[in-house]
Amino acid sequence: MSIPLSIADKLEAEAIHTNEQLLEFNVRSKDVNWHEYVTPKKPRSSPVYLQRQFNLISNYREPIGNHNRRKVLLCHDMMGNYLEDRHYHSSKKYDDYRFYHWSAVDYFCYFSHNYITIPPCGWINAAHKHGVSVLGTFITEGSDGAKRLHDVLASTEMIDNIVDAMVKLCKHYHFEGWLINVECKVEPDSMENLYYFLNRLRESVEQHVEAGVVFWYDSVIETGQLSWQNELNAKNVRFFRSTHATLINYSWTDSSLEQTRSLCEQERAHSQSVFFGIDVFGRNQIAKFQSKRTLARIAKNRFSVGIFAPAWTYETLQQFGYNIKQENGDDAVNETFLLRNEKFWWLLWDHLATHPYNTLSFYTDFCMGSGKRTYVSGLPKAAVEGGEAGASSGEEAAGFFNLSRQSLQPSVPLHDLATRHYDDAFNGGSCLRISQCDSSFRLFATDFKLPGGGLVFAYAYKLNPQDGEFDCILRFCTSNNARDCYLFLGDYYDTVSLQRGRCYVSPFKPKYNELLSGPLECPQIPKDMAFPDFQANGWRVRYYVVGFDGGIQVKDIGVLYRKSPEARDTAYLGAVYLNEFNVNHHDFPVDSNIALIQVYGGDLLN
């Protein structure tokens, strides 16, 4: 979105430092309509545990209910925060920290040591695109924090005003709630007002904020003393009752897990409302690349987890001689961070639930919200817009970091399967460079229901002919949830249906692509993919039109790269598109390569 710099300055993220500033709503963007700049939170389907998260040609989904549901709170505490991510317009630091494994996260908290931390627009947009709720932070620490809290708790009238102001922030900036972190002593005669504050905030957020939520951080106890318990017990259970969830400090032990489980049973409360902390830097726990061991203990006891400081994978690059503070970014920093980050989350994934994508139309260009330059339809944007005129477009022609531009991300880490490639892209700032060959793997877990029994699928890819062949794969089932079937969407002589549920489909003839892009057909086909015969800078777009004899459900999107013995490079994937399409409403030419599959009639299920 192109906006005047005068407006962009007002959109720069900021904290609130005093009660006066909070009550007066004294923020630079108070007159800005944030509806225009914030992505609404997308709906999500119920999560599943992918017991073999990368194996596409098999179904290892464990259904989730209250008996085994565990949630994830990601607490982004990075170098004080409000760094390059505070800008609404992009910075040029394309190698800055990005989070993109949203499919495993339920809540994202933007944390700083300021009194009131308001999340930046970029983080809100990236989280909301993936259906993740965003929290700001209310923190009081030290003598100044104690004074501010004392003023808040002076009367119920003051508390009501503060709560109303905090809810107003949620509604103005469009985030979902708060993490309350009282890390200072509270006077005993103020404790009842502290409970009143929490109850009032919870009730008001529930009433006025969609999907509103309030977390309490394990800090003070019922006497008002600052005494981290590292568990739920009689000293802090009332805070648990007053909020939606409690984030437990990260110095817990196995006995802490047992004590908390016992208290949850006593309270008749779901254990998923208790988030045991893991500090990725390793304070008082086994963490870093061994965090899986700590997470396994939490998961075994069916508690949720709060992951502190996930940017450890980025910040600690400094220990190995990397300069993470270069204004324009650095290739070595970017590549090393991405490799470390993929490995870190890949190690954790066995114990994390995955939210499948469930909203059509589905489109991603894999942009992570950063790039060395911006690409459009396979070409640098400056070249598309024309020489010097294009180069004058600022961030579009240069490096950028802007999480609002992050596209939908793969459902699982791609460690050893694919890497993020920043020297080329179809759209945005990067694409996927396929590492795994001759074995399919999952990109997206999905829950797309197509009752009309037809679909349009497209993907942009780059592959030199001598380097092999490339397919996208859809795993699907019939609406009565019969066994799995697979569409191999590559380049074949004809549509071939085989036994054991596999069908090999050739691309729709490019000369008929315009039949798909009319206002009544697929109005949401991305304009950058809607070309009759597209090829730019080696990028190609394949379209597939498939009709079935009944409704289906698409459960996974994956890829298969068959590497040639003479290969000098690999395959690149730049964009993926999927939408429902009723083939019965159209009269396609015989030679269009539309695929008609009798899945209920038995072609695939015999």
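Draft legend 1. Structural detail: the environment of S592. Within the secondary structure layout, S592 lies in the loop between strand 29 (572-580) and strand 30 (595-597). On a C-alpha basis, the gap between S592 and G547 in space is 13 Å, while along the polypeptide they are 45 residues apart. When neighbours within four sequence positions are excluded, S592 is seen to be in contact with P507, F508, K509 and Y512.

Draft legend 2. Up close: the packing of helix 9 (residues 291-300) against helix 11 (residues 331-348). The geometry of helix 9 relative to helix 11 is characterised by a closest axis approach of 9 Å and an angle of 30° between their N-to-C directions. In terms of axis orientation, helix 9 runs roughly parallel to helix 11. Where helix 9 crosses over helix 11, the two elements pack in a sense that is right-handed. Contact with helix 9, carried on its side by S291, K292 and L295, involves F344, L347 and L348 of helix 11 and no other residues of that element. Looking at the contact of helix 9 with helix 11 residue by residue, the classes come out as four nonpolar, one polar and one charged.

Draft legend 3. Here's a closer look at the pairing of strand 9 (residues 213-217). Counting buried residues along strand 9, five of its five residues qualify, which places the element largely inside the surrounding structure. Note: strand 8 (residues 177-183) against strand 9, four bridges, orientation parallel. By the bridge assignment for strand 9, G177 is matched with V213. Taking the sense of rotation as the criterion, the β-α-β connection linking strand 8, helix 6 (residues 191-208) and strand 9 turns out right-handed. With three bridges connecting them, strand 9 and strand 10 (residues 245-248) associate as parallel partners. Bridge pairing in strand 10 places W216 opposite T246. A crossover links strand 9 with its parallel partner strand 10, the connecting element being helix 7 (residues 237-242), and its sense is right-handed.

Draft legend 4. Main features of the confidence of the model for the chain. Confidence in the prediction for the chain averages 90 pLDDT; 91% of positions are at 70 or higher. Predicted confidence is poor over residues 387-395, with pLDDT under 50, and the contacts of this stretch with residues over four places away or in other chains come to 13 contacts.

Draft legend 5. Structural detail: the packing of aromatic side chains. Inspection of the entire model under this criterion finds 44 aromatic pairs. Plain terms: the ring middles of Y107 and F215 are 5.1 Å apart, the flat faces sit at 70° to each other, and that makes the pair edge-to-face. Of this pair, Y107 sits in strand 5 (residues 107-110) while F215 sits in strand 9, and the two are 108 residues apart along the sequence. Across this residue pair, the class does not change: Y107 and F215 are buried. For the ring pair F362 and F444, a centre distance of 5.0 Å and an interplane angle of 75° mean the geometry is edge-to-face. A residue pair is termed long-range when its members are at least 10 positions apart, and F362 in strand 13 (residues 362-364) and F444 in strand 20 (residues 441-450) qualify at 82 residues. On the accessibility criterion, F444 (0% relative accessible area) is buried. Grouped by ring-pair contacts, the aromatic residues Y97, F99, W102, F108, W123, F289, W312, Y314, F337, F344 and W345 constitute a single cluster.

Draft legend 6. A look at unusual backbone geometry. The omega torsion of the bond from L360 to S361 falls at 5°, within 30 degrees of zero and hence cis. Tracing the sequence through the fold places S361 in the loop between helix 11 and strand 13. Of note, N284 is a non-glycine position whose phi angle comes to about 65°, a positive value. Examined against the element boundaries, N284 turns out to sit in the loop between strand 11 (274-279) and helix 9.

Draft legend 7. Geometry of the nonpolar core. Residues I180, F197, F457 and F470 are the most contacted members of the largest nonpolar core, which totals 150 residues. Per-element tally for this core: the top contributor is helix 5 (residues 156-173), with ten residues. Discounting residues that sit within four places of it in the chain, F470 has contacts with I434, Y459, Y461, L463, L489, G490, R542, V559, L560, Y561, A571 and L573. If you look at the next biggest cluster of nonpolar residues, it comprises 18 residues, including F426, C431, F508 and V583.

Draft legend 8. How the structure looks around empty space enclosed by the protein. With the rule as written, the count across this model stands at three cavities of 30 Å³ or more. What lines the largest cavity is a set of 16 residues, and nearest its centre among them are R70, K71, V72, H351 and L352. Sorting elements by how many residues they give to the lining of the largest cavity places helix 9 first, with three residues. Taken together, the residues that form the lining of the largest cavity break down as ten nonpolar, two polar and four charged. Each pocket or cavity is described by its volume, and for the second largest cavity that value is around 60 Å³. What lines the second largest cavity is simply H76, M78, N81, L83, E84, D85, D96, Y97, W123 and F401. By residue class, the composition of the lining of the second largest cavity is five nonpolar, two polar and three charged.

Draft legend 9. Summary view of helix 3 (residues 121-129). In terms of residue burial, helix 3 counts as a mostly covered element, since eight of its nine residues are buried. Those residues of helix 3 hidden inside the fold are in contact with strand 4 (72-76), strand 5, strand 7 (133-141) and helix 5. Phi turns positive one or two residues past the end of helix 3, at G131, with a value near 80°.

What counts and how
Residue numbers restart at each chain and count upward from 1, following the sequence in its written direction. Residue-level local features of this predicted model are given only where pLDDT is at least 70; pairs of side-chain atoms are given and counted only at 80 or more, and the full residue set underlies all totals for whole chains, interfaces and linings. As a rule here, side-chain values cover all heavy atoms of the structure and leave hydrogens and water aside. Under the DSSP-based scheme used, a helix requires at least four consecutive residues in state H or I and a strand at least two consecutive residues in state E, with every element numbered from the N terminus. We call two residues contacting when some pair of their heavy atoms lies within 4.5 Å. Whenever a helix is involved, its axis is fitted only over the stretch in contact; in every case the axis is a line through C-alpha atoms, and angles between N-to-C directions fall within 0 to 180 degrees. Any angle between 65 and 115 degrees counts as roughly perpendicular, while under 35 counts as roughly parallel, over 145 as roughly antiparallel, and the rest as oblique. The handedness criterion is simple: a crossing whose near helix is rotated anticlockwise from the far helix by less than a right angle is left-handed, and one whose near helix is rotated clockwise is right-handed. When residue character is reported, Ala, Val, Leu, Ile, Met, Phe, Trp, Tyr, Cys and Pro are called nonpolar, Asp, Glu, Lys and Arg charged, and the others, Gly included, polar. A simple rule labels every residue: compare its accessible area, found with a 1.4 Å probe on the protein chains alone, to the largest value its type can have, and call it buried under 20%, exposed over 50%, or partly exposed in between. Pairing between strands requires that DSSP locate at least two bridges from one strand to the other. Seen with its strands pointing away from the viewer, a crossover is right-handed if its path from the first strand over the helix to the second goes clockwise. Known as pLDDT, the predictor's confidence for each residue is given on a scale from 0 to 100. Ring pairs shown here join Phe, Tyr and Trp side chains whose ring centres sit within 6.5 Å, with only the six-membered ring taken for Trp; geometry is labelled stacked below 30 degrees between planes, edge-to-face above 60, and tilted in between. Put simply, a nonpolar core is a bunch of buried Ala, Val, Leu, Ile, Met, Phe, Trp, Tyr and Cys residues held in one set by side-chain atoms that sit within 4.5 Å of each other. In this analysis a 1.4 Å probe is tested at points of a 1 Å grid over the protein atoms alone, and where it fits but cannot get out there is a cavity; an open set with protein on both sides within 12 Å along at least five of seven lines is a pocket; lining residues have an atom within 4 Å of a point. Grid points are joined across faces, edges and corners, and a volume is the space filled by probe spheres set on the points.

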